[in-house]
Every structure is written in C-alpha cells, then in structure tokens.
Amino acid sequence: MGHLMTETVALRSWAAGDTYDDFGNPIPGAPSDVASVAWYEPLTSREASDRQIQQTYGFVVYLPLTADLDGADAVVIEGDEYEVVGEPQRQPGGFIVEGYLRAIVERVTG
C-alpha cells in the first residue's frame, strides 16, 4: 500500500491558546500542519435541505500507520479542511501489503 500513497495531505491541529472567551473556554491559537503521505478517494456528496441547502463533501483517506491522526483536529486535502468522522480504522500490514490507517473525512458547506 505504501507505493500507492502518492498524495500529500496535512494533519492540522490547534494548540490551546492563552486567552479565553467570555464563557471561560480557551481560544485556540494558530493551526499547526504536519504533512503526511496519503491516498484518498472521494465519497459521494450529499445535499440536505431545511431552509438552506447544505452540501457534504467527503473522502476516504489512507495514511501510514505512523501518522498521528489521533492528535489531529482536521485533515487538509487540496487546500480544504475536513473533519474526521467516527474512529479511524487500523489495517495491519502483512507479507505483501503494508499496514495503513483508514479514515472518513467530511466537510459541510452552505
């Protein structure tokens, strides 16, 4: 699988800031991106209509087992930020195929 990871994504996280909002919640500092090799496949987009149209875009992302996806708040693909949906799955490697992490990521617009 390692040879199929020909793309690059960014694993984005925000450090807790030193300032707080009116409710006592920490205001995040600047984002920090860590580049990672990856492979991703688009998911079908969905529309929801309640008074406005929302479009949901997503990908299945494959990352090396060494990627720190647990420490990331988002995955940046082609310049757009996506949230991880659910728990990433770990596929162990074998004699022929290297192991990888598989995650679903989504972004909602509208």
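You'll find the structure just up there.
Residues numbered from 1 in each chain as written. Predicted model: local features only at pLDDT ≥ 70, side-chain atom pairs only at ≥ 80, totals over all residues. Heavy atoms only, no water.

So, about the packing of aromatic side chains. One pass over the structure, following the stated rule, counts three aromatic pairs. Ring centres of tyrosine 62 and tyrosine 100 lie 5.4 Å apart, and the angle between their planes is 75°; this geometry places the pair in the edge-to-face category. Placement of the pair is tyrosine 62 in strand E4 (residues 53-64) and tyrosine 100 in strand E7 (residues 100-109), with a sequence separation of 38 residues. This pair shows no difference in class: tyrosine 62 is buried, exactly as tyrosine 100 is. These aromatic residues form a ring-pair network of at least three members: Tyr40, Phe59 and Tyr82. (Phe/Tyr/Trp six-rings, centres within 6.5 Å; stacked < 30°, edge-to-face > 60°. Helix = DSSP H or I, 4+ residues; strand = E, 2+ residues; numbered from the N terminus. Buried < 20%, exposed > 50% of the residue type's maximum accessible area, 1.4 Å probe, protein only.)

For the structure on display, the rule yields three salt bridges. The salt bridge involving aspartate 33 is made with arginine 12; its shortest N-O contact spans 2.8 Å. With aspartate 33 in strand E2 (residues 31-42) and arginine 12 in strand E1 (residues 7-14), this residue pair connects regions lying 21 residues apart in the sequence. The buried category is assigned to arginine 12, whose relative accessible area is 18%. With a shortest N-O distance of 2.8 Å, glutamate 81 and arginine 12 are connected by a salt bridge. One end of the pair, glutamate 81, is in strand E6 (residues 80-91); the other, arginine 12, is in strand E1, and 69 residues separate them in sequence. According to the relative accessible area criterion, glutamate 81 is partly exposed, its value standing at 37%. Each of Arg12, Asp33 and Glu81 takes part in one network of salt bridges that share partners. (Salt bridge = Lys/Arg side-chain N within 4 Å of Asp/Glu carboxyl O.)

This part is about a nonpolar patch on the surface. On the surface, Phe95, Ile96 and Val97 cluster together to form a nonpolar patch covering roughly 450 Å² of accessible area. With respect to the helices, strands and loops of the structure, phenylalanine 95 is situated in the loop between E6 and E7. According to the relative accessible area criterion, phenylalanine 95 is exposed, its value standing at 91%. (Patch = residues over 30% accessible without salt bridge, like charges linked within 9 Å, V, L, I, M, F, W, Y side chains within 5 Å. Areas by Shrake-Rupley, 256 points an atom, 1.4 Å probe, with all protein chains shown as cover.)

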